Amino acid sequence: MRRHTWISAIALTAGLLTTFSLVRVNPEAASSRRSIGGQDTPTRTPMRYTLQILRLAAEPFTYLPLMEQAVAATLPTVLADGSLLKEAEVTLTGVGPLRIGMSLETAADALGLPLVPVGSNAGGDCAYYQPEAKDVALGLMVVDNHVIRVDVWPGSPLKTASGIAVGSTETEILEAYADYIEAAPNAYTGGQVLTFVPQESGLDLYRLVFETDAKGEVIQYRTGQFPAVTWPDGCV
């Protein structure tokens, strides 16, 4: 049921309960009379009383937009379109709020998205998971229930902190990472495997690995812990 539908139902129920409580408190209100010139005169006509009852019942609907806002504030935000990830940067230590080394559960909480298994190896020593969102094209390598690598697959819009993305050229990679790139032939694509090896203390266990095709363009890349981030076949 859509949110506004059940909120409307709550409002209607509240209105009816309010009306019924008024009738119970003063059951003779519809037929109360007063004396004028020695004659009993009804204080309300049936039609007028009915309109008053309907007005009371409808009163909660006046506040329906405010009720929707209040309820929405208490509901978890589910980023079904992956908008948080689409704007995230890929770094040596993770992607946006996701950090290499997080448990699978903590990673799902950080992204605000369910993580679903890719393939049939879920629960094995090494398995891939993917955020349940549209057009994310992201794979999380999980070993012993911890994320140790993130693969950015073809079609992903994600960029590194230096602006490299799927479709970037080898020249752009060399310009972005200067003398910290190690190059090797890519037997699968006819291009190269370009690995960014950081020299900063504390980051020497991480790598950024770019795979290019025969035209020298990035077709996919990954970040994560060494040596898992260098495995060309993932969990295989």
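Refer to the structure above for everything that follows.
Being a predicted model, the structure only gives us computed values, none of them experimental.

A word on the packing of aromatic side chains
Then step 1. Summed over all chains, the structure comprises 5 aromatic pairs.
Then step 2. Plain terms: the ring middles of Tyr180 and Phe196 are 6.2 Å apart, the flat faces sit at 80° to each other, and that makes the pair edge-to-face. Linking Tyr180 in the loop between helix H6 (170–177) and strand S11 (181–185) with Phe196 in strand S12 (residues 190–196), this pair joins segments that are 16 residues apart in sequence.
Then step 3. The exposure class assigned to Phe196 is buried, which follows from its relative accessible area of 12%.
Then step 4. An aromatic cluster of at least three residues, connected via ring pairs, comprises Tyr177, Tyr180, Phe196, Phe210 and Tyr221.
Then step 5. If you follow Arg207 out to its NZ or CZ, it ends over the ring of Phe226, 4.6 Å from the centre.

Focus: the environment of Phe210
Then step 1. Mapped onto the fold, Phe210 is located in strand S13 (residues 206–213).
Then step 2. For Phe210, a relative accessible area of 0% corresponds to the buried category.
Then step 3. Sequence-wise, Phe210 and Ile181 are 29 residues apart; in three dimensions their C-alpha atoms are separated by 9.9 Å.
Then step 4. When residues no more than four places from it in sequence are discounted, the contact partners of Phe210 are Thr160, Ile164, Ile173, Tyr177, Gln192, Val193, Leu194, Val218, Gln220 and Tyr221.

Points about the state of the cysteines
Then step 1. Evaluation of the coordinates by the stated rule reveals 1 disulfide.
Then step 2. Paired through a disulfide, Cys126 and Cys235 show a sulfur-sulfur distance of 2.0 Å. Looking along the S-S bond of the Cys126-Cys235 disulfide, the torsion reads about -65°, which is the left-handed sense. Within this pair, whereas Cys126 is found in strand S7 (residues 126–131), its partner Cys235 is found in the segment after strand S14 (218–225), the two being separated by 109 residues in sequence.

Things to note about the sheet that holds strand S5 (residues 98–99)
Then step 1. With respect to topology, 4 strands assemble into an open sheet ordered S5-S4-S3-S10, the strand pairing being mixed. At either end of the open sheet lies a strand with only one pairing partner, and these are S5 and strand S10 (159–160).
Then step 2. The pairing of strand S3 (residues 89–91) with strand S4 (residues 94–95) spans 2 bridges and is classified as antiparallel. Paired with Val90 across the bridge in S4 is Val95.

Considering helix H5 (residues 104–111)
Then step 1. For H5, the set of buried residues is Leu104, Ala107, Ala108 and Leu111. Along the long axis of H5, the arc covered by the buried residues comes to 100°, so they all point the same way.
Then step 2. Phi turns positive one or two residues past the end of H5, at Gly112, with a value near 70°.

Comments concerning the side chain of Arg222
Then step 1. Looking at the element boundaries, Arg222 is found in strand S14.
Then step 2. At 2.6 Å, the side chain of Arg222 and the backbone oxygen of Val229 are in polar contact.
Then step 3. Those residues within four positions of Arg222 in sequence are excluded, and the remaining contacts are Arg149, Val150, Asp151, Val152, Arg207, Leu208, Val209, Glu211, Val229, Thr230, Trp231 and Pro232.

Concerning the sheet that holds S11
Then step 1. Taken together, 8 strands build an open sheet; the order of strands is S6-S7-S8-S9-S14-S13-S12-S11 and the sheet is antiparallel. Since the sheet does not close on itself, it has two edges, and those belong to strand S6 (115–118) and S11, each with one partner. Direction aside, neighbouring strands of the sheet carry axes that sit 25° apart on average.
Then step 2. As paired strands, S6 and S7 are joined by 4 bridges and run antiparallel to one another. Residue pairing in the sheet places Val118 in a bridge with Tyr128 of S7.

Reading the values: the criteria
Residues numbered from 1 in each chain as written. Predicted model: local features only at pLDDT ≥ 70, side-chain atom pairs only at ≥ 80, totals over all residues. Heavy atoms only, no water. Phe/Tyr/Trp six-rings, centres within 6.5 Å; stacked < 30°, edge-to-face > 60°. Helix = DSSP H or I, 4+ residues; strand = E, 2+ residues; numbered from the N terminus. Buried < 20%, exposed > 50% of the residue type's maximum accessible area, 1.4 Å probe, protein only. Lys NZ or Arg CZ within 6 Å of the ring centre and 35° of its normal. Contact = heavy atoms within 4.5 Å. Disulfide = S-S within 2.5 Å. Pairing = 2+ DSSP bridges. Arc of directions from axis to C-beta. Polar contact = N/O pair within 3.5 Å; in protein donor to acceptor, adjacent residues only side chain to side chain. Axes fitted to C-alpha atoms, helices over the stretch in contact; angles between N-to-C directions.

Function-wise, these values are silent; they only describe arrangement.
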